[in-house]
Amino acid sequence: AQTVTQSQPEMSVQEAETVTLSCTYDTSESDYYLFWYKQPPSRQMILVIRQEAYKQQNATENRFSVNFQKAAKSFSLKISDSQLGDAAMYFCAYKSQGAQKLVFGQGTRLTINP
Amino acid sequence: DVKVTQSSRYLVKRTGEKVFLECVQDMDHENMFWYRQDPGLGLRLIYFSYDVKMKEKGDIPEGYSVSREKKERFSLILESASTNQTSMYLCASRKGGLTDTQYFGPGTRLTVL
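Residues numbered from 1 in each chain as written. Chains lettered and ligands numbered in written order. Predicted model: local features only at pLDDT ≥ 70, side-chain atom pairs only at ≥ 80, totals over all residues. Heavy atoms only, no water.

For chain A, the count of helices and strands is zero helices and twelve strands. Secondary structure elements of chain A occur, N-terminal to C-terminal, as β-β-β-β-β-β-β-β-β-β-β-β. Computed over C-alpha atoms, the radius of gyration of chain A comes to 14 Å, within 12% of the 13 Å expected from 2.2 N^0.38 for 114 residues, which places it in the range of a compact globule. Judged by the C-alpha coordinates and their principal axes, chain A covers about 40 × 30 × 20 Å. (Helix = DSSP H or I, 4+ residues; strand = E, 2+ residues; numbered from the N terminus. Rg over C-alpha atoms; globule rule 2.2 N^0.38 Å.)

Printed below as a string of structure tokens:
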């Protein structure tokens, strides 16, 4: 079974700085999808960014980008120019190509210091 | 915009009570999911459904059952609530495409006394 590990339970960063959240996963599959989800305090979880494993190019969405290292099974999220609204729990998730369900990591709580 | 709604934000029940958590989505999604979220454990899948009246066990189905009589509604049932089921419960839905986004409800924080 696939597993997803987020080794940083908490991170903090100064406003306007850059922060990187780590995620590693374990799988024997070659085709899969990876996601980062954001859960703001008392608000619904939303998708931040997704990466298809067959794509070598790292996904980017505005200030959010990933560093996808397939051989190392690593999928980190970089947030540039951090804003107060970025404060949230961030979850890394894995989906097999043929599956419908996601496997989630333990989450990283990100605090933004003004 | 996709909307996933859950019947309650907060719920307090007593040990042994039967508890129903309701989830409704308005975008005709085939797949619906129930997770529980606990600190340090992330989200763990309880059950999911890929069609009306169809269900599959997730990673932690013990003590739970589900019902999906209509496409838009997916219910989680705790037949006899126990204190170790105190948790945040999240519902989600997505269409059936490979890269389709999974949308989440706001969550129900259940406390079992």
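There's plenty left to go through after this.
So, on to the sheet that holds strand E3 (residues 19-25) of chain B. Residues and elements named next belong to chain B. Across the sheet, four strands lie side by side as E1-E3-E8-E7; this open sheet has antiparallel pairing. Two strands in the sheet have a free side with no partner beyond their single neighbour: strand E1 (4-6) and strand E7 (65-70). The mean angle between the axes of side-by-side strands here comes to 20°, regardless of whether they run parallel or antiparallel. (Pairing = 2+ DSSP bridges. Axes fitted to C-alpha atoms, helices over the stretch in contact; angles between N-to-C directions.)

Our next topic: the pairing of E7(B). Residues and elements named next belong to chain B. Pairing geometry for E7 and strand E8 (residues 73-78), over four bridges, is antiparallel. Pairing of Val66 across the sheet is with Leu76, part of E8. The hairpin turn running from E7 into E8, its antiparallel successor, is two residues long.

Here we take up the side chain of Thr27(A). Residues and elements named next belong to chain A. With respect to the helices and strands, Thr27 occurs in the loop between strand E4 (24-26) and strand E5 (32-39). Within the local environment of Thr27, its side chain forms a polar contact with the side chain of Tyr94, the two groups lying 2.7 Å apart. Those residues in contact with Thr27 that lie beyond four places of it in its chain are Gln2, Tyr32, Lys73 and Tyr94. (Polar contact = N/O pair within 3.5 Å; in protein donor to acceptor, adjacent residues only side chain to side chain. Contact = heavy atoms within 4.5 Å.)

What follows covers the packing of aromatic side chains. Scanning all chains against the criterion turns up 15 aromatic pairs over all chains. For the ring pair Tyr35(B) and Phe104(B), a centre distance of 5.9 Å and an interplane angle of 40° mean the geometry is tilted. You can see Tyr35(B) sitting in strand E4 (residues 31-38) and its partner Phe104(B) sitting in strand E10 (residues 103-104), a full 69 residues away along the chain. By relative accessible area, Tyr35(B) is classed as buried at 0%. Judged by relative accessible area, Phe104(B) falls into the buried class, the value being 3%. Taken together, the ring pairs connect Phe35(A), Tyr37(A), Phe91(A), Phe104(A), Phe33(B), Tyr35(B), Phe48(B) and Phe104(B) into an aromatic cluster. (Phe/Tyr/Trp six-rings, centres within 6.5 Å; stacked < 30°, edge-to-face > 60°. Buried < 20%, exposed > 50% of the residue type's maximum accessible area, 1.4 Å probe, protein only.)

Below, the discussion takes up the side chain of Ser76(A). Residues and elements named next belong to chain A. Within the secondary structure, Ser76 sits in strand E9 (residues 74-79). We classify Ser76 as buried; its relative accessible area is 11%. Setting aside residues up to four positions removed in sequence, Ser76 forms contacts with Thr20, Leu21, Ser22, Cys23, Trp36, Ser65, Val66 and Asn67.

A few words now on the interface of chain A and chain B. Opposite the 19 residues of chain A that make contact, chain B presents 25 residues. For the pairing of chain A and chain B, the buried interface totals around 1800 Å² over both sides, and the portion due to carbon and sulfur atoms is 52%. Among the residues of chain A in contact with chain B, Gln44(A), Gln100(A) and Lys101(A) are the three that bury the most area, contributing 32% of the side total. Across the contact surface, chain A and chain B share zero salt bridges. Here chain A is connected to chain B by six residue pairs in polar contact (both at pLDDT 80 or more). Secondary-structure elements contributing two or more residues to the side of chain A that touches chain B are E5, strand E6 (46-52) and strand E10 (88-96) of chain A. Among the residues making up the side of chain A that touches chain B, the classes are represented as eight nonpolar, seven polar and four charged. (Buried area = accessible area lost by both parts, 1.4 Å probe. Salt bridge = Lys/Arg side-chain N within 4 Å of Asp/Glu carboxyl O. Nonpolar A, V, L, I, M, F, W, Y, C, P; charged D, E, K, R; others polar.)

All names here are of chain A. Here two bridges tie strand E7 (residues 60-61) to strand E8 (residues 64-69), and the two strands are oriented antiparallel to one another. Counted as the bridge partner of Thr60 is Ser65 from E8. Between the end of E7 and the start of E8, which pair antiparallel, lie two residues, with Asn62 showing a positive phi angle near 55°. Summarising the sheet, E8 and E9 pair through six bridges and their orientation is antiparallel. Among the inter-strand pairings, Ser65 is bridged to a residue of E9, identified as Lys78.

The analysis is restricted to geometry; functional conclusions fall outside its scope.
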